[in-house]
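Structural characterization, general
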Amino acid sequence: MKSISGKKLCKILEKFGWQLSRVKGSHHIYTKNHLPIIVVIPVHGNQDLPRGTLNGILKDTGLTENDF
């Protein structure tokens with residue numbers, strides 16, 4: 001699996017219709033209309049997300065590695 005930073009993942013989510021709901025510290029909280037899912041992206045500069053965190057976010061959003 002490719003490594004990706006939190007900043008890049010935020011841009012990808014926005015491209016697929018997710019909206020930034022709020023920011024609390026370094027955590028960006030995203031929502032999507034008509035979905036009861038809240039996705040939290042840790043943004044720590046350009047540091048890559050841990051593999052398990054990235055897999056969990058992709059699973060929650062329904063995206064795949066091919067989407068980026």
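Summary of the structure given here.

Conventions adopted
Residues numbered from 1 in each chain as written. Predicted model: local features only at pLDDT ≥ 70, side-chain atom pairs only at ≥ 80, totals over all residues. Heavy atoms only, no water. Helix = DSSP H or I, 4+ residues; strand = E, 2+ residues; numbered from the N terminus. Rg over C-alpha atoms; globule rule 2.2 N^0.38 Å. Buried < 20%, exposed > 50% of the residue type's maximum accessible area, 1.4 Å probe, protein only. Areas by Shrake-Rupley, 256 points an atom, 1.4 Å probe, with all protein chains shown as cover. Contact = heavy atoms within 4.5 Å. Pairing = 2+ DSSP bridges. Axes fitted to C-alpha atoms, helices over the stretch in contact; angles between N-to-C directions. Patch = residues over 30% accessible without salt bridge, like charges linked within 9 Å, V, L, I, M, F, W, Y side chains within 5 Å. Salt bridge = Lys/Arg side-chain N within 4 Å of Asp/Glu carboxyl O. Lys, Arg positive; Asp, Glu negative; His and termini not counted. Charge placed at Lys NZ, Arg CZ, Asp CG, Glu CD.

Further remarks concern the overall build of the chain. Each helix and strand in the chain was counted, giving two helices and three strands. Shown N-terminal to C-terminal, the secondary structure of the chain runs as helices and strands in the order α-β-β-β-α. For the chain, the C-alpha radius of gyration of 11 Å lies close to 11 Å, the compact-globule estimate for 68 residues. Expressed as lengths along the three principal axes of its C-alpha atoms, the size of the chain is roughly 30 × 30 × 20 Å. Buried residues in the chain amount to 29% of all 68 residues. Of the roughly 4500 Å² that the chain leaves accessible, carbon and sulfur atoms contribute 50%.

Relative to the elements of secondary structure, Ser-5 occurs in the segment before α1 (6–15). Judged by its relative accessible area of 4%, Ser-5 is buried. Once residues lying within four places of it in the same chain are set aside, the contact partners of Ser-5 are Asn-46, Gln-47, Asp-48 and Leu-49.

Moving on: the pairing of strand β2 (residues 27–31). Across five bridges, strand β1 (residues 19–24) lies against β2 in antiparallel orientation. Looking at β2, one finds that Val-23 is bridged to His-28. What sits between the antiparallel neighbours β1 and β2 is a turn of two residues, in which Gly-25 has the positive phi angle 70°. The pairing of β2 with strand β3 (residues 38–42) spans five bridges and is classified as antiparallel. Residue pairing for β3: His-28 is matched across the bridge by Ile-41.

This paragraph deals with the sheet that holds β2. One open sheet holds the three strands; their spatial order is β1-β2-β3, and the pairing between them is antiparallel. Each edge of the sheet is formed by a strand with only one pairing partner; in this case those strands are β1 and β3. Neighbour to neighbour, the strand axes of the sheet diverge by 30° on average, direction disregarded. In the packing of α1 onto the sheet, contacts are made with β1, β2 and β3, and the angle to β3 comes to roughly 150°.

Bringing a positive patch on the surface into the picture now. A surface patch of positive charge is lined by Lys-2, Lys-7, Lys-8 and Lys-11. Structurally, Lys-2 is set in the segment before α1. Looking at Lys-2, the relative accessible area reads 44%, which means it is partly exposed.

Purely geometric stuff here, so don't read any function into it on its own.
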